[in-house]
Amino acid sequence: MTQEASRRNFLRSVGVAGGAGMLYSAMGALGLAPVPDARAEEYRPPRKSDFTLTGQSGKNGRKVLILGGGIAGLATAYELGKAGYDCRILEAKDRPGGRNWTVRGGTTLTDLDGRTQTASFSKGQYMNAGPARLPQSHVTLEYCRELGVPLEVFTNQNANAYIYHENSAALAGKPVRWRTAKADAYGYVSELLAKATDQGALDKDLTAADKERLIAFLQNFGAIKGKADGFAYTGSDRRGYSVEPGAAFEEGTVLGPVPSLSDVIGSGVGQRFSFEFGYDQAMLMFQPIGGMDAIPYALAKAIGEDRIIYGAKAMEVKDLPDGAEVVYKDATGRTRSSRADFVVAAVPPMVMTRIKHNLGADITAALKYPVATPVGKVGLEYRSRWWETDEHIYGGITPTDTDLATIWYPSYGYQGRRGTLIGYYNFGANAVAYSDLPHAERVQRAVSRGVKIHGEKYRTELDRSFSVAWHRTPHIEAGWVGWPSQTGPEYKLLNKSAGHVYFAGDWLSHVIAWQHGAFTSARKVVTDIHERVMAA
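Since this is a predicted model, take the numbers as computed values, not measurements.

### Digging into the overall build of the chain
Logical step 1: Tallying secondary structure elements over the chain gives 17 helices and 27 strands in all.
Logical step 2: Projecting the C-alpha coordinates of the chain onto the three principal axes gives extents of approximately 85 × 60 × 50 Å.
Logical step 3: Taken across its 536 residues, the chain has 52% of its residues classed as buried.
Logical step 4: A total accessible area of about 23600 Å² is found for the chain, and carbon and sulfur atoms account for 52% of it.
Logical step 5: The centroid of the 62 positive side-chain charges in the chain is displaced by 6 Å from the centroid of its 56 negative side-chain charges.

Structure, rendered in structure tokens:
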């Protein structure tokens with residue numbers, strides 16, 4: 001018993017002197033806690049044993065009020081709850097998730113302009129109005145595993161999807177298959193580089209052996225001919241087929257004719273390929289089966305539904321000498337107040353700026369510093385999956401230079417009777433232009449653009465629809481935010497506590513607009529609070 005007391009005193013002293021990080025290391029060295037692998041995403045959630053092993057078991061009942069039941073708010077409550085913190089979430093909407101929102105039949109939205117929509121999607125059909133894809137490197141997948149959220153592949157890039165430019169210098173108004181555009185762009189670039197290499201343009205940079213290896217690579221990379229034929233790009237089956245190869249004597253007809261080098265450059269299609277190289281956009285990607293909102297609902301269940309107060313609109317946040325207080329209106333309109341040891345404001349900054357507080361003018365100015373980004377989406381349900389049956393497109397995205405920005409084909413329900421695609425996913429001025437219209441006119445405008453790519457079936461097969469303008473959605477008011485600078489005092493200030501008040505959200509990360517940013521921001525705040533409590 002004496003040895004145990006001494007050990008607790010030692011660990012308490014370590015925690016006071018060095019914070020929770022040093023405490024965890026000491027506990028690991030003593031064999032009292034597992035030591036996590038060192039990696040970029042290193043994180044150790046707080047545990048009840050952190051208190052009991054240091055003789056501070058009375059502290060694990062600390063109360064935390066969380067404003068906002070989006071991913072950051074839910075993750076904060078979930079992680080702190082592992083150590084026994086008494087967390088309560090005040091959420092203005094009637095559901096968890098914030099921008100993680102899956103629209104199904106019966107879903108209703110009244111926007112800031114007073115316009116109401118009720119979705120009528122068929123059973124099994126849905127649109128992920130907010131986040132819709134999960135990169136393999138993101139911590140979001142760890143939570144899906146931990147919470148038991150089943151996943152399926154999200155097809156982010158599809159060789160059979162199109163690139164559509166109607167404002168280009170060449171080939172305007174002609175949908176081009178992604179595979180065809182890539183074959184032509186890679187082919188001509190390879191031809192030019194092979195010729196330049198062979199003619200000595202790179203002699204200062206390459207040895208004779210290097211030149212041979214580079215040309216061999218380019219012949220494979222671009223499907224170009226050999227030196228005897230001037231390294232010419234003349235097309236190949238990489239472009240696709242106008243007649244598919246088949247049985248007996250049907251060897252297929254390779255798609256043609258090949259456009260000129262000038263037309264390929266003028267079309268601008270090559271500018272699209274960097275999309276698939278993006279670290280957060282590279283295949284494979286994933287989505288929860290049945291809708292992205294499986295994640296917030298799993299978090300809410302793990303936290304305990306009784307710990308989330310829906311319809312609670314925060315009115316005021318007060319930092320106090322011994323804690324913090326939140327004044328809010330509940331779903332009935334009654335004004336209430338609640339005190340806690342800490343408050344975590346996990347709401348968008350443009351929403352937080354309108355909540356009265358005593359945190360100082362610098363906090364107010366910092367909250368106004370990030371810029372809200374308008375974002376819009378429309379879900380279009382069709383009576384048939386014509387993009388699969390007629391055009392052999394199974395998932396993926398078609399980028400355009402129109403105000404649609406992109407069209408997304410569903411990565412679920414393959415070969416089913418019906419399907420719901422995203423008819424536009426746009427940002428900035430284009431999102432504002434669509435949001436200014438009533439829903440029916442948004443759909444009409446979007447369909448008029450889509451017909452240019454897919455033909456009249458894009459209009460005649462349409463059955464149901466639902467649109468979201470995130471910048472006109474109550475309690476959200478943007479798709480995400482952009483920081484003029486994340487190295488200035490504003491960003492640094494909001495990543496620290498303001499007394500007993502903390503801020504969390506994807507907007508306080510370098511992974512803005514991804515759930516990973518919200519999760520990692522929540523983890524940071526959880527660690528900060530836990531270290532503070534352990535050292536007190």
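Structure shown, so let's carry the discussion forward.
### Quick look at helix 3 (residues 71–81)
Logical step 1: Most of helix 3 sits inside the fold, with 10 of its 11 residues counted as buried.
Logical step 2: If you check which residues of helix 3 are buried, you get I71, A72, G73, L74, A75, T76, A77, Y78, E79 and L80.

### Some remarks on the UniProt feature "domain: Amine oxidase" (unreviewed entry) in the chain
Logical step 1: The UniProt feature table records "domain: Amine oxidase" (unreviewed entry) at residues 71–529.
Logical step 2: Along residues 71–529 the backbone is 31% helical and 23% strand, and the end-to-end C-alpha distance reaches 18 Å.

### A word on the pattern of salt bridges
Logical step 1: Counted by the stated rule, this structure contains 32 salt bridges.
Logical step 2: Taking the shortest distance from any N to any O, the salt bridge between D50 and R44 comes out at 3.2 Å. Per residue, the accessibility class of D50 equals that of R44, and both read buried.
Logical step 3: Between R239 and D184 there is a salt bridge, with the nearest N and O atoms lying 2.7 Å from each other. Placement of R239 in the loop between helix 6 (208–222) and strand 11 (241–243) and of D184 in helix 5 (residues 178–198) is noted, with a sequence separation of 55 residues between them.

### Describing the sheet that holds strand 8 (residues 151–154)
Logical step 1: The three strands are arranged 7-13-8 in an open sheet whose pairing can be described as antiparallel. Strand pairing shows two members of the sheet lacking a second neighbour, strand 7 (134–135) and strand 8, which therefore form its edges.
Logical step 2: With two bridges connecting them, strand 7 and strand 13 (residues 285–288) associate as antiparallel partners. Residue pairing in the sheet places P135 in a bridge with M285 of strand 13.

### Points about empty space enclosed by the protein
Logical step 1: This model, assessed by the stated rule, comprises five cavities of 30 Å³ or more.
Logical step 2: There is about 140 Å³ of room inside the largest cavity.
Logical step 3: Residue lining of the largest cavity: 15 residues in total, with N128, F154, P410, Y412 and I422 positioned closest to the centre.
Logical step 4: At the level of elements, strand 6 (127–128), strand 23 (406–409) and strand 24 (419–427) are the ones that each hand at least two residues to the lining of the largest cavity.
Logical step 5: For the lining of the largest cavity, the element with the most residues is strand 24, which contributes three residues.
Logical step 6: Within the lining of the largest cavity, the residues separate by chemical class into 10 nonpolar, four polar and one charged.
Logical step 7: When its volume is computed, the second largest cavity comes out at roughly 50 Å³.
Logical step 8: If you go around the second largest cavity, the residues you meet are L494, N495, K496, S497, Y502, F503, L508, S521, K524, V525 and D528.
Logical step 9: Secondary-structure elements contributing two or more residues to the lining of the second largest cavity are strand 27 (501–503) and helix 17 (515–535).
Logical step 10: Taken together, the residues that form the lining of the second largest cavity break down as five nonpolar, three polar and three charged.

### A closer look at the side chain of T373
Logical step 1: Structurally, T373 can be placed in strand 20 (residues 371–373).
Logical step 2: Setting aside residues up to four positions removed in sequence, T373 forms contacts with A478, G479, W480, V481 and G482.

### A word on the nonpolar core
Logical step 1: Counting residues in hydrophobic clusters, the biggest one holds 43 residues, and the most contacted among them are Y85, I295 and I529.
Logical step 2: The set of elements that each furnish at least two residues to this core consists of strand 1 (63–67), helix 3, strand 2 (86–91), helix 4 (140–147), helix 9 (294–303), strand 18 (342–345) and helix 17.
Logical step 3: The element that contributes the greatest number of residues to this core is helix 17, accounting for eight residues.
Logical step 4: Beyond its immediate stretch of four places on either side in the chain, I529 contacts L80, Y85, F342, V344 and Y502.

Rules of the game
- Residues numbered from 1 in each chain as written.
- Predicted model: local features only at pLDDT ≥ 70, side-chain atom pairs only at ≥ 80, totals over all residues.
- Heavy atoms only, no water.
- Helix = DSSP H or I, 4+ residues; strand = E, 2+ residues; numbered from the N terminus.
- Buried < 20%, exposed > 50% of the residue type's maximum accessible area, 1.4 Å probe, protein only.
- Areas by Shrake-Rupley, 256 points an atom, 1.4 Å probe, with all protein chains shown as cover.
- Lys, Arg positive; Asp, Glu negative; His and termini not counted.
- Charge placed at Lys NZ, Arg CZ, Asp CG, Glu CD.
- UniProt positions renumbered as here; feature names shortened; annotations may be inferred.
- Salt bridge = Lys/Arg side-chain N within 4 Å of Asp/Glu carboxyl O.
- Pairing = 2+ DSSP bridges.
- 1 Å grid on protein atoms, 1.4 Å probe; cavity = no way out; pocket = protein on both sides within 12 Å on 5 of 7 lines; lining within 4 Å.
- Points joined across faces, edges and corners; volume = space filled by probe spheres on them.
- Nonpolar A, V, L, I, M, F, W, Y, C, P; charged D, E, K, R; others polar.
- Contact = heavy atoms within 4.5 Å.
- Core = buried A, V, L, I, M, F, W, Y, C linked by side-chain atoms within 4.5 Å.

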